[in-house]
Amino acid sequence: MTKVPNPIDRHVGARVRMRRMLIGMSQEKLGEALGLTFQQIQKYEKGANRISASRLQQISGALNIPLAYFFKGAPVSDGPAAQGGLAEAGSEESYFSDFVMTSEGLSLNRAFARISDPKVRKRIIDLVTALAEGEESV
């Protein structure tokens, strides 16, 4: 029986991965900054290993990002703290943040952000929207 990672651990790990990739840092470099192997960073990023509070603070420093960043858009639990206003699992916001955290999402966003002509950006959005609508009708 395989153990399924906790959704919060997966979310925090994915946010670590997203930030690391956004700043162009390898798993090996992050591991070196923390005194860990790249394999341990992989386990953190997949949510397979839970990140302790003190380790998360070290990661926050190494990635130059506030601690709150790791919990933005996190799925809510059914407990009393669920009133915190975070995105619910399965919501459109959660779907978007899950996509943006993939390598394809990061690449697409980086490339799109480099396009300075607003008309070209609009045409790309129109193209992608048309392609997505075509997929829905199939």
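You'll find the structure just up there.
Just so you know, these numbers come straight off a predicted model, no measurement behind them.

Engineer: Any chance you could explain a nonpolar patch on the surface here in plain terms?
Structural biologist: A contiguous nonpolar surface patch, about 290 Å² in accessible area, is contributed by Leu127, Val128 and Leu131. Topologically, Leu127 is positioned in helix H7 (residues 118–137).

Engineer: What should I look at first to understand the packing of helix H2 (residues 27–34) against helix H4 (residues 53–62) in this one?
Structural biologist: The relative placement of two packed helices comes down to the angle between their axes together with the axis-to-axis distance. One can describe the packing of H2 onto H4 by two numbers: an axis separation of 10 Å at closest approach and a directional angle of 120°. On the basis of the axis angle, H2 is oblique to H4. H4 is crossed by H2, and the crossing has right-handed handedness. Residues Leu30, Ala33 and Leu34 of H2 pack against Arg55, Gln58, Ile59 and Ala62 of H4.

Engineer: In this structure, what is going on with helix H3 (residues 38–46)? I would like to understand it.
Structural biologist: The α-helix winds at 3.6 residues per turn, so residues separated by three or four positions along the chain end up facing the same way. Within H3, burial applies to Gln40, Ile41, Tyr44 and Glu45. Within H3, the buried residues cover an arc of 140° as seen down the axis, which keeps them to one side. After H3 finishes, the residue Gly47 shows a positive phi value of roughly 85°.

How each quantity is defined
Here the residue numbers are simple positions, counted from 1 along each chain's written sequence. In view of the model being predicted, local features appear only for residues whose pLDDT reaches at least 70, and side-chain atom pairs are presented and counted only at 80 or more, with totals across whole chains, interfaces and linings using the full set of residues. By convention in this description, side-chain values take in all heavy atoms of the structure and omit both hydrogens and water. Patch construction takes residues with relative accessible area above 30% that form no salt bridge. Like charges are linked within 9 Å, and nonpolar side chains (Val, Leu, Ile, Met, Phe, Trp, Tyr) are linked within 5 Å. Under the convention used here, a 1.4 Å probe and the Shrake-Rupley method define accessible areas, while residue burial counts only the protein chains that appear. The salt bridge definition used is simple: a Lys or Arg side-chain nitrogen within 4 Å of an Asp or Glu carboxyl oxygen. Each helix corresponds to a stretch of at least 4 residues labelled H or I by DSSP, and each strand to a stretch of at least 2 residues labelled E; elements are numbered beginning at the N terminus. To obtain each axis, a line is fitted to C-alpha atoms, and for helices this fit is confined to the stretch in contact; angles are then taken between N-to-C directions over 0 to 180 degrees. The cut-offs work like this: below 35 degrees is roughly parallel, past 145 is roughly antiparallel, 65 to 115 is roughly perpendicular, and the gaps in between are oblique. By the definition used in this description, the sense in which the near helix is turned from the far one sets the handedness, with an anticlockwise turn below a right angle giving left-handed and a clockwise turn giving right-handed. Contact definition: two residues touch when any of their heavy atoms are within 4.5 Å. Accessible area is worked out with a 1.4 Å probe on protein chains only. A residue is then buried under 20% of its type maximum, exposed over 50%, and partly exposed in between. It is the directions from the helix axis to the C-beta atoms whose arc is reported.

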